[in-house]
Amino acid sequence: QVQLVESGGGLVQAGGSLRLSCAASGRTFSTSAMGWFRQAPGKEREFVASISQNGRLRSYADSVKGRSTISRDNAKNTVYLQMNNLKPEDTAVYYCASSSKYYSTYASDFDSWGQGTQVTVSS
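In this report, we go over the structure that sits alongside the text. (Residues numbered from 1 in each chain as written. Predicted model: local features only at pLDDT ≥ 70, side-chain atom pairs only at ≥ 80, totals over all residues. Heavy atoms only, no water.)

## Re the overall build of the protein
Within the protein, the regular secondary structure consists of 0 helices and 11 strands. Taken over C-alpha atoms, the radius of gyration comes to 13 Å for the protein, in line with the 14 Å a tight globule of 123 residues would show. A principal-axis box enclosing the C-alpha atoms of the protein has dimensions of 40 × 25 × 25 Å. Residue burial in the protein is summarised as follows: out of 123 residues, 46% are buried. Within the protein, counting contacts between residues at least 6 apart in sequence, those at least 24 apart form 60% of the total. Only carbon and sulfur atoms are counted for the fraction: they give 45% of the accessible area of the protein, which is about 6,100 Å². Mean positive and mean negative side-chain charge positions of the protein (13 and 9 charges, respectively) differ by 6 Å. (Helix = DSSP H or I, 4+ residues; strand = E, 2+ residues; numbered from the N terminus. Rg over C-alpha atoms; globule rule 2.2 N^0.38 Å. Buried < 20%, exposed > 50% of the residue type's maximum accessible area, 1.4 Å probe, protein only. Contact = heavy atoms within 4.5 Å. Areas by Shrake-Rupley, 256 points an atom, 1.4 Å probe, with all protein chains shown as cover. Lys, Arg positive; Asp, Glu negative; His and termini not counted. Charge placed at Lys NZ, Arg CZ, Asp CG, Glu CD.)

## Looking at the environment of A97
Structurally, A97 can be placed in strand β9 (residues 92-99). For A97, a relative accessible area of 0% gives the class buried. Once the C-alpha coordinates of A97 and S32 are considered, the two residues, 65 residues apart in sequence, prove to be 9.5 Å apart. Not counting residues within four places of it along the chain, the set of residues in contact with A97 comprises L4, A33, M34, G35, F37, F110, S112 and W113.

## Considerations on the pattern of salt bridges
A full pass over the atoms with the stated rule returns 4 salt bridges. For E46, the salt bridge is made with R38, and the minimal N-O distance between the two is 2.5 Å. Accessibility expressed as a relative area gives 5% for R38, which makes it buried. Among the salt bridges present, the one from K65 reaches D62, with a minimum N-O distance of 3.2 Å. Overall, the relative accessible area of 49% leaves K65 in the partly exposed class. Overlapping salt bridges, with partners in common, bring together R38, E46, R67 and D90 in one network. (Salt bridge = Lys/Arg side-chain N within 4 Å of Asp/Glu carboxyl O.)

Given below as structure tokens:
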């Protein structure tokens with residue numbers, strides 16, 4: 001199991017930026033694919049972005065593509081999600097997740113989850 005702690009959420013105006021961070025401990029970070037998911041009130045959890053163990057592969061949901069960048073620092077056991085040009089529809093709780101697979105975009109492949117960090121975008 002991996003322990004994950006997210007930070008960096010908050011209240012921001014539309015058009016603003018946030019950088020979410022997720023610090024990992026437990027399973028060797030460099031052997032874990034990492035992902036970000038989000039859940040808005042009354043909606044299902046959805047995929048946002050993921051990155052492979054070595055950072056070479058990255059994927060984004062269409063809703064955030066071009067506005068977000070996922071990255072990782074294996075020396076710091078941390079994964080980041082930089083979000084720019086935020087929109088009110090980005091408002092959600094954002095969860096960091098870890099997978100023992102090399103790479104995945106499927107929530108079912110991620111076996112460790114953080115507690116989430118709230119992102120609220122005002123119009």
